[in-house]
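# Architecture and fold: a report
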Amino acid sequence: MKIPDNFDKDNKEERTVWTFREKAACIAAVIIICACMLAERSGWRDSAWMAGSRNGSKKAGESAISEGTVKKTAYLTFDDGPSCLTEKYLDILKEEGAKATFFLIGQQIDGEMADIIKRELDEGHEIGVHTYCHEANEIYANEESCFKDIMKIKEQLEMQFGYDAKLVRFPWGSANGYISAFREGIINKVHENGMEYADWNVSAEDSVGTPSVDSIMENVRKDFQKYDEPVILMHDSGCNKQTLEALRGIIKELKEAGYGFATLSERKQPCHFLEKH
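As a starting point, this report considers the structure included with it. Given the structure is predicted, the values throughout are model-derived calculations rather than measurements.

This part covers the packing of aromatic side chains. Using the criterion set out here, one finds eight aromatic pairs in the structure. Ring centres of Phe-78 and Tyr-89 lie 4.9 Å apart, and the angle between their planes is 55 degrees; this geometry places the pair in the tilted category. One end of the pair, Phe-78, is in strand β1 (residues 72-81); the other, Tyr-89, is in helix α2 (residues 86-96), and 11 residues separate them in sequence. Across this residue pair, the class does not change: Phe-78 and Tyr-89 are buried. Ring centres 5.6 Å apart and planes at 10 degrees place the aromatic pair Tyr-140 and Tyr-178 in the stacked group. Of this pair, Tyr-140 sits in the loop between α4 (136-139) and α5 (143-161) while Tyr-178 sits in the loop between β4 (167-168) and α6 (183-192), and the two are 38 residues apart along the sequence. Classification of Tyr-140 as buried rests on a relative accessible area of 6%. Connected via pairs of aromatic rings, a cluster forms that spans Phe-78, Tyr-89 and Phe-102. Positioned over the ring face of Tyr-132 is Lys-152, at 4.1 Å from the centre of the ring.

Put into structure tokens, the structure is as follows:
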């Protein structure tokens, strides 16, 4: 393109400066747009993290934000095992893709039951301390006898399976009449030994009276939806065949209500009777 005769040097320099400013403005605009997009994306991540932190870790029922709903987590727990029914419980849990926590009786761990404990661990379930003997007068004679009972099975699990149990479920829960005289002391000892105690907020009532499959399911059904993180008490003993028959139905109802499953140590807060969770 031919430059006009009247295009002097000053005008040419002025035009060069203007072009440089124009380029700088374009670059600045691009930077601002990118920064806004990054901030918006960062804000979304913060919101997602906050939603996840309110509902536990990924393993403990992280929700993934989907259509405005947050996934809830149910904690299936079984006391009094292992038993002749435990493997059948494990079969159902495996088929349904659900994890559970088993609170064990030390006197029942030896012999062929050891293979069942190994299977519980291999399949990703959690093991907790329930009691060594499950005899109220022996366990709760005093604080020291209660502590010895807890430590006896804890040490047994460490020796037999190399497993460091982190949860204790007191027989009949942490607010039973036997424990009241030394409750604070025994809880302090549990904590001092790196453990936590675990109660429940939903009970299948499967070890009271003559439960049926229908009564067990109704007892769970009437309470679990009160909580985003229900801790469901059931029992794994040879006489709890109705619980076994009800388990698949319980799991399916929980799934239909939007619950996932995790082991109890993954819960964001311990479940204690005297605290609101």
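Structure shown, so let's carry the discussion forward.
Here the focus is the side chain of Gln-156. Relative to the helices and strands, Gln-156 resides in helix α5. Residue Gln-156 is classed as buried on the basis of its relative accessible area, which comes to 11%.

Quick notes on the rules
- Residues numbered from 1 in each chain as written.
- Predicted model: local features only at pLDDT ≥ 70, side-chain atom pairs only at ≥ 80, totals over all residues.
- Heavy atoms only, no water.
- Phe/Tyr/Trp six-rings, centres within 6.5 Å; stacked < 30°, edge-to-face > 60°.
- Helix = DSSP H or I, 4+ residues; strand = E, 2+ residues; numbered from the N terminus.
- Buried < 20%, exposed > 50% of the residue type's maximum accessible area, 1.4 Å probe, protein only.
- Lys NZ or Arg CZ within 6 Å of the ring centre and 35° of its normal.

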